[in-house]
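Below are the chains, spelled out letter by letter.
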There are 4 protein chains.
Amino acid sequence: MTVDLVKHAAEDADVVFAARVSTQGGETRFNESSERDAGLINFLMRDRHGSPFEHTSFTFYIEAPIFVVREFFRHRAGWSYNEESGRYKQLEPVFYLPADGRSLRQIGKPGAYDFIQGDYKQKSAVSGDLRRISTEAYTTYERLLDIGVAREVARMVLPVNIYTSFYATCNARSLMHFLGLRTARENAAFRSFPQREIELVAEGMETEFARTMPLTYAAFEANGRVAP
Amino acid sequence: MTVDLVKHAAEDADVVFAARVSTQGGETRFNESSERDAGLINFLMRDRHGSPFEHTSFTFYIEAPIFVVREFFRHRAGWSYNEESGRYKQLEPVFYLPADGRSLRQIGKPGAYDFIQGDYKQKSAVSGDLRRISTEAYTTYERLLDIGVAREVARMVLPVNIYTSFYATCNARSLMHFLGLRTARENAAFRSFPQREIELVAEGMETEFARTMPLTYAAFEANGRVAP
Amino acid sequence: MTVDLVKHAAEDADVVFAARVSTQGGETRFNESSERDAGLINFLMRDRHGSPFEHTSFTFYIEAPIFVVREFFRHRAGWSYNEESGRYKQLEPVFYLPADGRSLRQIGKPGAYDFIQGDYKQKSAVSGDLRRISTEAYTTYERLLDIGVAREVARMVLPVNIYTSFYATCNARSLMHFLGLRTARENAAFRSFPQREIELVAEGMETEFARTMPLTYAAFEANGRVAP
Amino acid sequence: MTVDLVKHAAEDADVVFAARVSTQGGETRFNESSERDAGLINFLMRDRHGSPFEHTSFTFYIEAPIFVVREFFRHRAGWSYNEESGRYKQLEPVFYLPADGRSLRQIGKPGAYDFIQGDYKQKSAVSGDLRRISTEAYTTYERLLDIGVAREVARMVLPVNIYTSFYATCNARSLMHFLGLRTARENAAFRSFPQREIELVAEGMETEFARTMPLTYAAFEANGRVAP
């Protein structure tokens, strides 16, 4: 997975400015001690005053397999997307294969799975089958293109573990909503069961978020990872 | 493709009621001649007063291949979705194959393709290859499930022509926006180049829309199929 | 305040149908015991699976003063509005006056006010001043209209306690979000400090919501009144 | 009216990058001649490919009277707001008065008004009445505050021409949608009848937009000021 923060206009001060317009109008200044600002941000997070977190913007460039991107694009409010098109260009032969430590077995029922390590037979089947199907599908894709079949038709043979790339733009509020749902953490106020592969993408985004808005991130962590 | 209108709360009167609150407050009645109401709806459409069209609701149940659903779910504003999950259930072995008359060749450049009929060799390759890859991928998928691999992992081998199912809820405004972009029509005020398969879904939805909101639909047609 | 549920396409079954498409595809039926359905709805609410609640639609007709409507229209996601226009019609001389029991004094600091009863002097001033200014402003408004001043200009003299009317359409998810923020309840998981007048509107809407979707409402109540 | 562009992360290159990911994946570069980029932007605008314009962010600080802000906040999709609160702070005694050249009379019917200059009597009444009511309302407001009435109650006497202040964040697509509806221009593809006061705000925003995204702005102008 590739997660690049292409650009951002997002800092903790944006939240404070937007929030203080409520109580101070246009007289707002950001010359106060960070302790007071941190307190304000924590108050906004805790009592679910979400709008001050929206005056921020993050643009990510992400490479991930189709089955991850399908989950990602379910996030609508506060998200903008542009993705590589299988109609307009030939897709590259890059496919996702689970890393060696990836849990392969699920136990329990929908909404409450536990995942555990696979045995040798499972690991070997997953690895071998994904390689085989990916290769065979891509070879077929290329042959269809070679004989003049339209890209939008030829791509129908490609499996959902093929990589695609996209730009995603969001604000801090929509980003926190995404992170809360697409990671599984001990300190979360509600239970999430993200597929590990989208969690990998979320972790990459979370690192950038924590770095650019440390006070906001601390308040998110301190309040059960619930987006305001 | 399956397109079922599961339920709807949408009629032309909804638009008229919502619009007349502007000029008449709570005194609105719908006892006027349809000619006057049609005129109002046409005025709203033409001059892009979009909000009166939003007090309506359509819920569709749709079955379509993944490559179509990926395009569908790009529509965010005014749309709600719930889709069959490859993490929670085993997907059925139902795959999309282009019908015999489906154009298989593209001519021109991105954004302005023309599609023309394929020759015998292309038809035969598309049909044969899609069948072969679909079957082989599904056989592999089943085998991985049989030896205990988690559904969310096993599904990675499945191609994007496998069918999925979902509920989609929208209002008349978001529906018209979708129809304008996902169909190609002579009377449209702007050019669209939808993939034929999503256009098939759009056509099914358009039939239901035209039936339930005939005045609104007529105004949409009369104004270049531009959503207000 | 007037709160009329004009129409709705919303019942608990909608939530269950949309949720079960994840695990059962198009095979979903609603012939199960309500205990099992209630359990599913509670699970969705608790673990913040919000999308199944969106396949529902409520249209309200509301009459409220401008200062309330200004707060109301801050709700954007999943809301549609059409309001009486001061540009297109003459506004009626109907003004909001606090009822006798309305708390008139605030104690504490922003975000954590307590409200307590006013004394006689305060009650009398509020009542007298609102009547006087409302009357005088409306008399002035009428005189400006009489001499031919445009409605959109003449209305500038009107105070924010004048009534306006609007249609609002939402789904169960956006409605719960609104109710969580615009009411103050003991069992809420977070603190809200709504102005009493918008809470009156919210209470009217909550009554209709509880009646039309009793299982969903029970789950909302049982989970801290946090919208999923 | 005050319209300050507080910050922005928006340039024409953002549109080009986002659009090219469709056809070139992650290989996109912005080293091409501006003529080619301008052509791409114009193509996207004309054929209503709106999403590439969303990877941009503008934050404005605006001071305007309440009757303008009420129209402004009707824009929901792609907009974020935080406004000065009459519950949390005492509002300043700043009121809107029409400038001398402001047309005061409307001719025609709703949705198709023409506005013409007022005569001396009208000008004098508007100016005098607005001053008188504003002053009297504010004096009353202060007196209510002085005797300990809560701000959220005292403000009910204030007229809609009092100024408020807010932060608004949008992207280039939502901004163009706003500009198309809130200005009246000869080259527009559809008719708008904005109230002059919100058009003043829109003009201030348009100046900043034209300066920061000149190619996008030119394409907007060249395509009938219809947001893609």
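Above this text sits the structure in question.
Thresholds, definitions, all that
- Every chain's residues receive numbers from 1 upward, in the order its sequence appears when written.
- Working convention: letters from A go to chains and numbers from 1 go to ligands, in the order in which they are written.
- Only residues with pLDDT of at least 70 are given local features in this predicted model, and only at 80 or more are side-chain atom pairs given and counted; all residues enter the totals for whole chains, interfaces and linings.
- Only hydrogens and water are set aside when side-chain values are computed; all heavy atoms of the structure are taken into account.
- Put simply, a nonpolar core is a bunch of buried Ala, Val, Leu, Ile, Met, Phe, Trp, Tyr and Cys residues held in one set by side-chain atoms that sit within 4.5 Å of each other.
- Residue exposure (1.4 Å probe, protein chains only): buried if accessible area is under 20% of the type maximum, exposed if over 50%, otherwise partly exposed.
- Interaxial angle, 0 to 180 degrees, is taken between N-to-C directions of lines fitted to C-alpha atoms, where a helix line uses only the stretch in contact.
- In this text, helices come from DSSP runs of H or I with a minimum length of four residues, and strands from runs of E with a minimum of two, each type numbered from the N-terminal end.
- What sets the label is the angle itself: under 35 degrees gives roughly parallel, over 145 gives roughly antiparallel, 65 to 115 gives roughly perpendicular, and the rest give oblique.
- Here, two residues are considered to be in contact whenever any of their heavy atoms come within 4.5 Å of each other.
- Residues are grouped as follows: Ala, Val, Leu, Ile, Met, Phe, Trp, Tyr, Cys and Pro are nonpolar; Asp, Glu, Lys and Arg are charged; all remaining types, including Gly, are polar.
- Only when DSSP finds a minimum of two bridges between them are two strands counted as paired.
- The superposition of copies rests on a least-squares fit of C-alpha positions from residues with pLDDT of 70 or more in both.
- Salt bridges are defined as contacts in which a side-chain nitrogen from Lys or Arg sits within 4 Å of a carboxyl oxygen from Asp or Glu.

Nonpolar side chains tend to gather and get buried jointly when the protein is soluble and globular. If you look at the biggest cluster of nonpolar residues, it comprises 128 residues, and the most contacted ones within it are C:Phe72, C:Met205, D:Phe72 and D:Met205. Counting 127 residues, the second-largest nonpolar core is a separate cluster that includes A:Phe95, B:Leu91, B:Leu104 and B:Met176.

Let us now look at the packing of helix H1 (residues 12-24) of chain C against helix H2 (residues 34-46) of chain C. Residue and element names in this part refer to chain C. Packing of H1 against H2 brings their axes to within 10 Å, and their N-to-C directions diverge by 70°. In terms of orientation, H1 and H2 fall into the roughly perpendicular class. Two secondary-structure elements touch here, H1 through Asp 12, Val 15, Val 16, Ala 19 and Arg 20 and H2 through Arg 36, Asp 37, Leu 40, Ile 41 and Leu 44. Residues that form the contact of H1 with H2 fall into these classes: six nonpolar, no polar and four charged.

With that settled, the discussion passes to the sheet that holds strand S2 (residues 57-65) of chain B. Read across the open sheet, the four strands follow the order S1-S2-S6-S3 (chain B); overall the sheet is antiparallel. With partners counted over all chains shown, the strands left at the sheet margins are strand S1 (2-9) and strand S3 (79-83) of chain B, one partner each. Neighbour-to-neighbour, the strand axes of this sheet turn through a mean angle of 20°, independent of strand direction. With eight bridges joining them, S2(B) and strand S6 (residues 163-170) of chain B adopt antiparallel strand pairing. Within S6(B), the position partnered with B:Tyr61 by the bridge is B:Tyr167. Together, S1, S2, S3 and S6 of chain B form the strand contacts of H1(C), whose direction differs from that of S6(B) by roughly 155°.

Now for the relation of the copies chain D and chain C. Aligned on chain C, chain D shows an RMSD of 0.0 Å; the corresponding rotation is 180° and the shift along the axis is 0.0 Å. Read as a symmetry element, the transformation amounts to a two-fold axis. Considering only C-alpha atoms, the residue of chain D closest to the rotation axis is D:Pro159, which sits at 1.8 Å. When the interface residues of chain D are mapped onto chain C, 100% of them are again interface residues, pointing to one common binding face.

Per the counting criterion, the structure on display carries 84 salt bridges over all chains. In this structure, the salt-bridge partner of D:Arg155 is C:Glu71, at a minimum N-O distance of 3.7 Å. Linking D:Arg155 in the loop between helix H5 (151-154) and strand S6 (163-170) with C:Glu71 in helix H3 (residues 66-72), this pair reaches from one chain into another. Taken individually, D:Arg155 and C:Glu71 each receive the classification buried, so the pair is uniform in this respect. A network of salt bridges, in which partner residues are shared, links A:Arg87, A:Glu152, B:Arg102 and B:Glu197.

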